[in-house]
Amino acid sequence: MPWCPRCDESFPEGPACPRCNARLIQREEDTVEAVDALRSVPAVRSVHLSRRNRRAFERLSAPRAHSLRLLAFSIIALVFVSGFLLGRFAGIGPASEPTIVALPPAPRLQLAYVDGSVAYALWTNEPLATIAQHDIYSGDVEPIARFSPWASSGPVKTQLVSYGRSVALIANDGTNSYVAFDAPGSPAYGWVPGVEAAWTSEHDLYVRQKDGKVVKWSTTADATTTAASIEAQRIFQTPSGAVAQTARGLEPVGGGARTLAAPPAARVLAVAPDGSRALVDHKGPALWDGSKFTPINVDGYQVLAGSFERSGERVAMTLKRDGVLTIAIAGADGAAALRQLNVSDRDCNATPAWDAGGHWLYVSPGDGLMYAVESAGGDVKRVQTRSMGCGLAWLPV
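### Let's talk about the overall build of the chain
Here's step 1: Per the secondary structure count, the chain includes 2 helices and 30 strands.
Here's step 2: When burial is assessed residue by residue, the chain has 43% of its 397 residues classed as buried.
Here's step 3: Within the chain, contacts between residues at least 6 apart in sequence are counted, and of these 44% link residues at least 24 apart.
Here's step 4: About 21700 Å² of surface is accessible on the chain, with carbon and sulfur atoms providing 54% of the total.

Structure representation (structure tokens):
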């Protein structure tokens, strides 16, 4: 069949190529039929392609160069996937406890005749609820016990009570109230339902619930046990143990000091260690000895809370007038000395805590400061703390 050497195509008609007008020549191998490369189908003959078409197919089958946009996208995707996988692999490992950061120290007070600490509660960022021990002289703050915080529905008010080296925290958000406690040589325990608590020994804590039932919690190095106790309207912590207000009067829990008759038409705020008298709100602060009231000469003040020192000779009170707090220290005769705090009331009934020697007392009114008040003088010192609520207690260690 005539073949054009320039176009590399066969044309059956004419002596010249209809495309380029080149002279057609006769190929000798026209009679030879090429066998298809697909040997499995011998009936299919080889397809002859022109040089132009072969070049076009070669250009189409050649590897195409990637554009810069596609290359950049591929690099970004690779970096993202690699970072994600590295993060996933780094997060795989054994479960561990949250990192607990040391508590920062507070400024030093260096008070005279003081050897001991105060305990108060604070929330940390872990998050944890911590009972902290604040050394008065050095300012060092160390954790006594840590607890997982319970989900509160509002601002939390705190109260702390101690006996020897044992301390209990009562936290109240206005709807719910819980108690957590720690005793030496025993694991810390919390949270148990309760609105008040008081120790009778370093390992026996009595917790009053909302319905008035009192539960005794006993701790050892190996276990914590409970037992039903009495029913009480109130329960108070004194330096000598727990006192309950019942239908019979103010009686020591577990025996000890004498039972004091309940004061008529008065609210009990604190009880002396020997049970001889109580601080009450009887249209103003007064001392009750079981038969008569002795008014305390602080006219015009509302009494919020109080506590007796270890000897029982003096009582400290938190007073309020025109929304401003004042500390008063009174003797058995009702004579009182005032110490102005010049801080607004936070509606948390901050209770003052005496040190072991009765030289200083401490109060945290909820403004982020702790106030140290000299009992026999007029000195008032203050230091910044991270305490939560307004409760604190004295620890002799």
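Back to the text.
### Considering the confidence of the model for the chain
Here's step 1: Summary statistics for the chain give a mean pLDDT of 83 and a share of 80% for residues scoring 70 or more.
Here's step 2: Segment residues 30–45 is flagged for pLDDT under 50; beyond a separation of four residues in sequence, or across chains, it makes 9 contacts in the model.
Here's step 3: Below a pLDDT of 50 lies the segment residues 84–99, which in the model reaches 1 contact outside its immediate sequence neighbourhood of four places, other chains included.

### Some words on the layout of surface pockets
Here's step 1: A volume near 1200 Å³ is recorded for the largest pocket.
Here's step 2: Of all elements in the fold, only β7 (157–163), β8 (166–172), β11 (196–201), β15 (234–238), β18 (267–271), β22 (302–308), β26 (353–354) and β30 (392–395) reach the threshold of two or more residues within the lining of the largest pocket.
Here's step 3: A per-element tally of the lining of the largest pocket places β7 first, with 7 residues.
Here's step 4: Across the lining of the largest pocket, the residue classes break down as 26 nonpolar, 13 polar and 8 charged.

### Focus on the state of the cysteines
Here's step 1: Summed over the entire model, instances satisfying the criterion amount to 1 disulfide.
Here's step 2: In this model Cys 348 forms its disulfide with Cys 390; the gap between the sulfur atoms is 2.5 Å. You can see Cys 348 sitting in the loop between β25 (336–344) and β26 and its partner Cys 390 sitting in the loop between β29 (380–384) and β30, a full 42 residues away along the chain.
Here's step 3: Here Cys 17 stays unpaired: no disulfide links it, and the sulfur of Cys 4, its closest cysteine neighbor, is 3.6 Å away.
Here's step 4: Given a relative accessible area of 1%, Cys 17 falls into the buried group.

### Here we look at the environment of Pro 264
Here's step 1: Looking at the element boundaries, Pro 264 is found in the loop between β17 (249–252) and β18.
Here's step 2: Through-space distance from the C-alpha of Pro 264 to that of Trp 288 is 9.9 Å; in sequence the pair is 24 residues apart.
Here's step 3: Beyond its immediate sequence surroundings of up to four residues, Pro 264 is in contact with His 282, Trp 288 and Phe 293.

### Quick word on the nonpolar core
Here's step 1: Of all hydrophobic cores here, the largest spans 19 residues; its most connected members are Leu 111, Ile 136 and Tyr 362.
Here's step 2: If you list the elements that add at least two residues to this core, you get β4 (117–124), β27 (360–363), β28 (369–374) and β30.
Here's step 3: In this structure, Leu 111 is in contact with Ile 136, Tyr 137, Trp 360, Tyr 362, Ala 372 and Lys 381, ignoring residues within four places of it in sequence.

What counts, and at which threshold
Residues numbered from 1 in each chain as written. Predicted model: local features only at pLDDT ≥ 70, side-chain atom pairs only at ≥ 80, totals over all residues. Heavy atoms only, no water. Helix = DSSP H or I, 4+ residues; strand = E, 2+ residues; numbered from the N terminus. Buried < 20%, exposed > 50% of the residue type's maximum accessible area, 1.4 Å probe, protein only. Contact = heavy atoms within 4.5 Å. Areas by Shrake-Rupley, 256 points an atom, 1.4 Å probe, with all protein chains shown as cover. pLDDT = per-residue confidence, 0-100. 1 Å grid on protein atoms, 1.4 Å probe; cavity = no way out; pocket = protein on both sides within 12 Å on 5 of 7 lines; lining within 4 Å. Points joined across faces, edges and corners; volume = space filled by probe spheres on them. Nonpolar A, V, L, I, M, F, W, Y, C, P; charged D, E, K, R; others polar. Disulfide = S-S within 2.5 Å. Core = buried A, V, L, I, M, F, W, Y, C linked by side-chain atoms within 4.5 Å.

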